[in-house]
Amino acid sequence: GRLTDSMTGSMRVSWALTDERRLAVPLPTGGVFRDPTDDREDRDLQVGSTLQWDLSGGRRLQMSASTRMNRTNNPGAPEQDRDSHNQALSATFRGDRDSGLRYNLTLSSRRDHRVNIDASRAAENQRSSELRLSANTSYERHAAQLSHNFEISARRTIFDFDREVN
């Protein structure tokens, strides 16, 4: 909603429960096949917010943040249970000029963490992060349009396994 004449904000909250139980498959021999390790239960919470300031001269500043927490359980194979956590932040500056020039500068950061609950799968645990800078310009005049996009990013992944098991 509109917070002031030049500022708007929004917030999203999402909670989802998923239960995927696979059905049994009849076999030509008359038996029934069902693999309980294919079953999954997911719990997923997502929260996000955005603030946008409309500045003078056709310029805008937007800040966004979000987080997600996900638990995946496998009732037939508990060694496959895991947690995932994700966070994202971004700041974007946009502007328009009377000459037809548009520009957009974004700085964003993302962090992910995946944890396998069972220690035997701890070698797959990981933390990753990414920092990204994007700059975009476009110029439109009459029937011609020129655009330029530049992006640079740095990524890092750390495997944080359980040293006592591995």
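For clarity, every value in this text was computed on a predicted model and none was experimentally measured.

Let's talk about a nonpolar patch on the surface
A surface patch of nonpolar side chains, about 540 Å² in accessible area, is lined by Leu105, Leu107, Leu131, Leu133, Phe150 and Ile152. Of all elements in the fold, only strand 8 (101-116), strand 9 (126-141) and strand 10 (144-159) reach the threshold of two or more residues within the nonpolar patch. One can find phenylalanine 150 in strand 10. Taking the relative accessible area as the measure of exposure, phenylalanine 150 reaches 42% and is therefore partly exposed.

A word on the pairing of strand 7 (residues 82-96)
As paired strands, strand 6 (residues 59-73) and strand 7 are joined by 14 bridges and run antiparallel to one another. In the strand pairing of strand 7, arginine 59 is matched with glycine 95. As paired strands, strand 7 and strand 8 are joined by 15 bridges and run antiparallel to one another. Bridge assignment links threonine 92 to a residue of strand 8, and that residue is threonine 106. Counted between consecutive antiparallel strands, the loop separating strand 7 from strand 8 contains 4 residues, among which glycine 100 sits at a positive phi close to 105 degrees.

Here's the deal with the pattern of salt bridges
Enumeration over the complete set of coordinates arrives at 10 salt bridges. In this structure, the salt-bridge partner of arginine 71 is aspartate 83, at a minimum N-O distance of 2.2 Å. Here aspartate 83 lies in strand 7 and arginine 71 lies in strand 6, a separation of 12 residues in the sequence. Note on arginine 71: relative accessible area 29%, which makes it partly exposed. Taking the relative accessible area as the measure of exposure, aspartate 83 reaches 15% and is therefore buried. Among the ionic contacts, a cluster of salt bridges with common partners joins Glu130, Arg132, Glu151 and Arg155.

Quick notes on the environment of phenylalanine 33
Structurally, phenylalanine 33 can be placed in strand 4 (residues 32-33). Residue class for phenylalanine 33 comes out partly exposed when judged on its relative accessible area of 48%. Sequence spacing of phenylalanine 33 and asparagine 116 is 83 residues, and the spatial spacing of their C-alpha atoms is 28 Å. Setting aside residues no more than four positions away along its own chain, phenylalanine 33 makes contact with Ala24, Val25 and Leu27.

Conventions and cut-offs
Residues numbered from 1 in each chain as written. Predicted model: local features only at pLDDT ≥ 70, side-chain atom pairs only at ≥ 80, totals over all residues. Heavy atoms only, no water. Patch = residues over 30% accessible without salt bridge, like charges linked within 9 Å, V, L, I, M, F, W, Y side chains within 5 Å. Areas by Shrake-Rupley, 256 points an atom, 1.4 Å probe, with all protein chains shown as cover. Salt bridge = Lys/Arg side-chain N within 4 Å of Asp/Glu carboxyl O. Helix = DSSP H or I, 4+ residues; strand = E, 2+ residues; numbered from the N terminus. Buried < 20%, exposed > 50% of the residue type's maximum accessible area, 1.4 Å probe, protein only. Pairing = 2+ DSSP bridges. Contact = heavy atoms within 4.5 Å.

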